[in-house]
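Observations on the three-dimensional arrangement
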Amino acid sequence: EEMPNAETGHSKKILVCVIGACVFLTALSIMGVNSIYVSHMLDIGIDAKTVGTASGILAVTLIGSKLLCGVLYDRLGLRAVLCVCQAAAFAAFALLFLMTPGASASALIFPAILAIALPLETVVISLIVSDVFGKQLFGRFIGIFSAIASVGFALAPPMSNMIYDLFGTYRPQFL
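Heads up: these notes are all about the structure in this document. (Residues numbered from 1 in each chain as written. Predicted model: local features only at pLDDT ≥ 70, side-chain atom pairs only at ≥ 80, totals over all residues. Heavy atoms only, no water.)

1. Section: the overall build of the protein
From N to C terminus, the protein includes seven helices and zero strands. Taken from N to C terminus, the helices and strands of the protein fall in the order α-α-α-α-α-α-α. Rg of the C-alpha trace for the protein: 17 Å, near the compact-globule value of 16 Å for 175 residues, within the 12% margin. Along the first, second and third principal axes, the C-alpha set of the protein runs to 55 × 35 × 20 Å. Taking all 175 residues of the protein together, the buried fraction comes to 39%. Considering only contacts in the protein between residues 6 or more positions apart, those separated by 24 or more positions represent 76%. Of the charged side chains in the protein, 9 are positive and 9 negative; the average position of the first set lies 4 Å away from that of the second. (Helix = DSSP H or I, 4+ residues; strand = E, 2+ residues; numbered from the N terminus. Rg over C-alpha atoms; globule rule 2.2 N^0.38 Å. Buried < 20%, exposed > 50% of the residue type's maximum accessible area, 1.4 Å probe, protein only. Contact = heavy atoms within 4.5 Å. Lys, Arg positive; Asp, Glu negative; His and termini not counted. Charge placed at Lys NZ, Arg CZ, Asp CG, Glu CD.)

Structural data, given as structure tokens:
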């Protein structure tokens with residue numbers, strides 16, 4: 001079976017490994033932050049009401065974020081989607097790392113930015129597989145990369161909590 005946008009043979013194996021590693025690290029990092037941002041905000045002194053509102057903002061903006069990914073993909077392609085989502089992940093992690101106790105505005109902006117990054121661990125995997133391997137091989141590879149993402153999802157919360165146990169803070173997780 002031929003891959004429409006990639007070479008075959010040895011290059012195909014390297015490509016699968018590189019994409020697999022990226023999918024794993026993306027799922028691990030984003031889920032790692034998504035699973036602890038509430039605890040981190042509370043730990044640094046953001047009031048519980050603001051943290052609760054932040055959780056609601058994330059849930060609502062995630063809907064728009066997935067729609068935005070679809071529109072960007074249709075109009076500008078996979079690279080644009082990856083750039084926007086990765087930039088949002090970087091910005092969200094930096095914002096959370098720099099957040100201070102009185103940063104209620106930052107605590108409410110953060111979830112909207114994180115929501116733009118979250119499709120990297122779900123919808124974007126399908127877009128990557130479709131673009132790189134084509135429709136013929138989509139069924140063959142989507143399960144592999146979804147499973148790889150699931151491993152990242154499963155390892156992220158215990159890893160985040162281990163970081164907290166070692167350092168007494170979640171801040172190193174964001175780096």
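2. Some words on the nonpolar core
Ranked by size, the top nonpolar core spans 46 residues in total, and within it M41, L96, M99, F110, F133 and F145 carry the most contacts. Among the elements of the structure, α1 (10–34), α2 (37–44), α3 (48–76), α4 (78–98), α5 (104–117) and α6 (123–167) are those that each provide at least two residues to this core. With 12 residues, the top contributor of residues to this core is α6. (Core = buried A, V, L, I, M, F, W, Y, C linked by side-chain atoms within 4.5 Å.)

3. Description of the environment of L120
Topologically, L120 is positioned in the loop between α5 and α6. Taking the C-alpha atoms as reference, L120 lies 7.1 Å from T26; in sequence the two are 94 residues apart. Ignoring anything within four residues of it in the chain, the contact list for L120 reads T26, I30, L82, C85, Q86 and I125.

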